[in-house]
Amino acid sequence: MAEQKHAGSGVLLERDAELDAARGALDSLAARAVPARPGERLLVYTGAAGLGKTSLLAAVREEAAARGLLVLAARGGEQEQLSAFHVVRALLKPFLAALGEEEQRDLLGGWNDIVGPAIGLAQEDDGPASAPPDPQGVRDGLDWVVTNLAVSRGPLVLVVDDAHWADAESLSWLAAFASRVDGLPVLLVTAYRPDELPDSPASFRTMAGANGAVPLGLTALTPDAVAALVRRMFGSPPTRVEDAFCREVWAVTGGNPFETVELLAKAQERELAAVEESCPLLREVAAATKGSGLVARLERLGASSVRLAWAVSVLGIHTPLELAAATASLTPADAAEAADRLRAARILTGHQILEFIHPLVATSVYRGIPDDLRTAMHGRAGWVVLGAGKGPITAARHWLELPPQGDTAVVDQLRSAARAFMQAGAPETAQRCLARALREPPSPAQRAEVLFELGCSTLLYDPAQTVGHLRAALEQPQLPDQLHEGITVRLAQSLAHSNSLLEASQTTAEAAALAVSDQTRLRLLVWNFMWCAFDADEEGSAARSERLADLALLLERGEQTIGTAERYVFGLRAWDAVVRGEPVATAVRYADLAQEQGLSWTDQEWAFEVPTLASLVYMFADLPERAEELFAKGIAEYEEAGWRGAHLAFGHTILGYIRYRCGSLADAERSAREGLAIANRVGGEGVPVHWYAVGTLAAVLMARGKLEEARQLAERYHFQAPYSAAVVFPDSQTVRGGMLIALGDAEGAVAELTAAGERFDRREMGNPGWCGWQRALAQAHGRLGHLELARSLAEDQLVRAERFGTDSAVGTALRAAAEFAEGNEARIDLLRRSVDRFERCSAPYEHTRAVVDLATALLDEGRTKEALEQFRAALKLAESCAADELAEYARRALDEA
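Residues numbered from 1 in each chain as written. Predicted model: local features only at pLDDT ≥ 70, side-chain atom pairs only at ≥ 80, totals over all residues. Heavy atoms only, no water.

Undergrad: Any chance you could break down the overall build of the protein for me, citing the residues and the numbers?
TA: Helix and strand content of the protein: 45 helices and 10 strands. Split into buried and exposed, the 897 residues of the protein put 58% on the buried side. Accessible surface for the protein amounts to roughly 36,100 Å². Of this, 51% is attributable to carbon and sulfur atoms. Seen as two clouds, the 88 positive and the 123 negative side-chain charges of the protein have centres 3 Å apart. (Helix = DSSP H or I, 4+ residues; strand = E, 2+ residues; numbered from the N terminus. Buried < 20%, exposed > 50% of the residue type's maximum accessible area, 1.4 Å probe, protein only. Areas by Shrake-Rupley, 256 points an atom, 1.4 Å probe, with all protein chains shown as cover. Lys, Arg positive; Asp, Glu negative; His and termini not counted. Charge placed at Lys NZ, Arg CZ, Asp CG, Glu CD.)

Structure representation (structure tokens):
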């Protein structure tokens, strides 16, 4: 049996395997060696309370410091579990706050605004706030900052004790970051009680196994180890230590290291001899170290000591003496004396910063406070920490412990805390604060605002719940016009995000009809037009389009100042012109008007959908460079604001769609995969972000000849009916129809594509350049031998494409018409015209398909020389856009010739 010395408790007994694992990991880290196995840079220690996890982690920290490694440590606290990013702040803030401004800026890079509030470096106030980051954005920012810290100042050892009491936001980040440590100069060490881990986040529960690490479970000490500990504590100066005494100590404590040390310390205080005659007294001594015995022992130290201990248990870990004194209503001198007594009694440690000697002691003291007094102390603690400049985040957990009492000041503090938590990327904690504020309850004047703020905090995470909050807010009497407008807009958003697009459009239409202000009416109309545009089952599309066209023309010719609302109208008008297949010049004119002064993609008062649509207009108008430029700007804006969840998923996915439409298939696949990966991190399969991502990636995979991979993707994400209630692009039903054709199920494809066409025609969304359902349906009918029907569909597509007027749309329609042309000469003529159109625009994938078809038709006609020239051109085009299947087809044709 080995003993290892360290500062924590003098010795570590029977922890050789655990320490050897740490030493091996630390040696590898110090040498910056490549990990020999997965999970080498992740150490997880588990065990029940008192088994020595904290002492073991203290030894790991000492070993790391001895090797010159940078060590950052934190621990969860029972009272801090509901304070978002508490552990993250404890890990990073002390180190970063101690740096000079320039050093801090270097380490945070461009992430200060995103992670600053979570780390605790940003000022918590009620001033105007920028758009809050989403949780994924904060996690990405923390990844970057810690990686930069490890690379520039490391190697780095992160130590998190009592992770079972860590806040959910910190655990989510740790679980995600654990997957990165093997590739970084970082060792992550954590310890927790496995039976007390919270259910959420589930990712932390599976963190070790998911990253190849095996948790090291601590066990109780054996009788021999306890005997060694007894002899160490009682053997200086040498005294008689009897085996019977050692056995009884083990029997009383069950080999729990903490309880053993505490029992022996109390036995020494009682001047018990380590002999068999003392054994009957050991259980009595043990009872005084915990539970009611600890409370009784505390009470014997005097009232001021009791109050100070209570205050420390309420305030939590790392409690400054001055804050504890103020919370306990003690003078500084009385508090210092009480702290001395508590240290001597082995209840507290520290001087200016107070801690309980063990979390078990903290729990016993906290639970021993009478309920009324505990509540009162939390109320006092809230104001004390605010007075000390700690901010609303630190004070929030105290307000959450108070019973409702109609205190408007508490409501105000909870609202301030909620705003701070939103800026920190912790919406769920913000929601808890606001829900608690509602129970206070707020004053009538505050109630609608609290409900509105609660609705805004849940909008992107639980739209259905948001609807209830915002409906309740609208029912409040005497709402100011601006608040009424804001609630209505957010209610419509939440309805739309809950797949209730019809109700969203009706809500904004009704509010617009009742609006007093012209500007309010215009803003509400914008939202109404937008939700109508996204409603896949909209009735009266033609009338709505006419109203939108009239309004856009009125604003275009008017003398009013062009603001955000007007630009949004122009953007929606441009998009409507695209989907309806109006002349492309109309769409571009209105898109230019919308973009004239730029559109923000992260404006909290507006929606990202319209900047997205207005930018996409350029892609459909054969101006892909402009579309890519605007999307690059939008993605950069999302990243700068810390919007790295659903918004960023949309950005990358639709950029992939642009690249697909423009023929850059390899880049399109990368962007679509990135969009899908982000959507998966956000969660919630079946929501629009997944329909967009899966549809785009499936279309790209099929274009590259990866049909089986596309099929598996569709199966994995249930890419089939029932489809999204929102309009998505590429249209999911059309993509599935095309996949069925490729898989040989022409009848299934006809059913899907016919339904898609009926849906679009009913809404007069007739632009084949926007959605090529006619081309696919003609192909499916052709496979079934319905040539007249196929020819009719292809001819109608050409008429529609010529009305829209872009080279890409007309070129695609000409190629589709050629497939069902009567006679090879007619087919060749149509294909020549198709190729000519594609040579005028940037659409290399469709261009390649047209050239391959032309080469094949020429070969069938016996014009071998010209056919081979076209196949060579097709091969060059296919290779340029990564159309692998078409390249292979052209290559085979050339080889066979």
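Having seen the model, we can carry on.
Undergrad: An account of helix α32 (residues 624-641) is needed here, citing residue identities and associated values.
TA: Look at α32: 26 Å from first C-alpha to last across 18 residues, which is about the 26 Å you get at 1.5 Å a residue. The set of residues buried in α32 consists of Pro624, Ala627, Leu630, Phe631, Gly634, Ile635, Glu637, Tyr638 and Ala641. Viewed end-on, α32 has its buried residues packed into an arc of 155°, placing them on one side of the element. Facing away from the buried side of α32 by more than 90 degrees, the exposed set consists of Glu625 and Glu640. Tucked inside the fold, the buried residues of α32 contact α5 (112-119), α30 (584-595), α31 (609-620) and α33 (646-661). (Expected span 1.5 Å × (residues − 1). Arc of directions from axis to C-beta. Contact = heavy atoms within 4.5 Å.)

Undergrad: Please give an account of the sheet that holds strand β4 (residues 70-75) that cites residues and values.
TA: Spatial strand order, β4-β5-β6-β3-β7: five strands in an open sheet with parallel pairing. Unpaired on one side and paired on the other, β4 and β7 (216-217) mark the two borders of the sheet. Pairing of strand β3 (residues 42-46) with strand β6 (residues 186-192) involves five bridges; the strand directions are parallel. Counterpart to Leu42 in the pairing with β6 is Leu188. This element, helix α2 (residues 53-66), spans β3, β4, β5 (156-161) and β6 of the sheet and lies at about 170° to β5. (Pairing = 2+ DSSP bridges. Axes fitted to C-alpha atoms, helices over the stretch in contact; angles between N-to-C directions.)

Undergrad: Summarise the sheet that holds strand β9 (residues 348-349); cite the residues concerned and give the values.
TA: Strand pairing in a sheet relies on backbone hydrogen bonds, with the paired strands running either antiparallel or parallel. The three strands are arranged β8-β10-β9 in an open sheet whose pairing can be described as antiparallel. Looking at the sheet topology across the chains shown, the edges are occupied by β8 (319-320) and β9. Bridge count between β9 and strand β10 (residues 353-356): two bridges; the pairing is antiparallel. Its bridge partner being in β10, Thr349 is matched across the sheet by Glu355. Taken strand by strand, helix α15 (residues 303-315) contacts β8, β9 and β10, and its axis lies near 90° from that of β10.

Undergrad: Break down the nonpolar core for me, citing the residues and quoting the values.
TA: Leu92, Leu158, Leu308 and Trp770 are the most contacted members of the largest nonpolar core, which has 269 residues in total. Here this core takes 12 residues from helix α35 (residues 688-703), the largest share from any one element. Formed by 22 residues, the second largest nonpolar core is a distinct cluster that contains Ala227, Val230, Phe245 and Leu263. (Core = buried A, V, L, I, M, F, W, Y, C linked by side-chain atoms within 4.5 Å.)

Undergrad: Would you mind going over the side chain of His164 in detail, with residue names and values included?
TA: Among the secondary structure elements, His164 is positioned in the loop between β5 and α7 (168-177). Discounting chain neighbours no more than four positions away, the residues touching His164 are Gln81, Tyr192, Arg193, Glu196, Leu197 and Pro198.

Undergrad: Describe the pairing of β3, and please don't skip the residues or the numbers.
TA: Each regular strand shows side chains that alternate between the opposite faces of the sheet. Across the five residues that make up β3, a large majority, five, are buried. Neither face of β3 is left uncovered, since the one carrying Leu42, Val44 and Thr46 and the one carrying Leu43 and Tyr45 both have all their residues buried. When β3 meets β7, the two strands line up parallel, connected through two bridges. When the bridges of β7 are listed, Tyr45 appears paired with Leu216.

Undergrad: Tell me what's going on with the side chain of Asp134, and back it up with residues and numbers.
TA: In this structure, Asp134 sits in the loop between α5 and α6 (135-153). Here Asp134 sits buried without a salt bridge, and the closest side chain of opposite charge, Arg644, lies 6.7 Å off (N-O distance). Polar side-chain contacts of Asp134 include one of 2.8 Å to the backbone nitrogen of Gly645. Excluding anything up to four places from it in sequence, Asp134 contacts Tyr461, Gly642, Trp643, Arg644 and Gly645. (Salt bridge = Lys/Arg side-chain N within 4 Å of Asp/Glu carboxyl O. Polar contact = N/O pair within 3.5 Å; in protein donor to acceptor, adjacent residues only side chain to side chain.)

Undergrad: Mind laying out the pairing of β6, listing which residues take part and the relevant values?
TA: A large share of β6 lies buried, amounting to seven of its seven residues. Alternating positions in β6 separate into two faces, Val186, Leu188, Thr190 and Tyr192 on one and Leu187, Val189 and Ala191 on the other, with burial throughout. Where β5 meets β6, five bridges bridge the pair, whose relative direction is parallel. Residue pairing in the sheet places Val159 in a bridge with Val189 of β6.

Undergrad: An account of the pattern of salt bridges is requested, with residue identities and associated values reported.
TA: A side chain with one charge may pair with a side chain of the opposite charge, provided their charged atoms come close. Under the criterion given, the structure shown has 66 salt bridges. For Arg681, the salt bridge is made with Asp140, and the minimal N-O distance between the two is 3.2 Å. Taken together, the positions of Arg681 in helix α34 (residues 665-682) and Asp140 in helix α6 put the pair 541 residues apart, joining distant regions of the chain. For Arg681, a relative accessible area of 41% translates into the label partly exposed. Asp140 sits in the buried class, given a relative accessible area of 11%. Members of the salt-bridge network, linked through shared partners, are Glu669, Arg673, Arg704, Lys706, Glu709 and Asp884.

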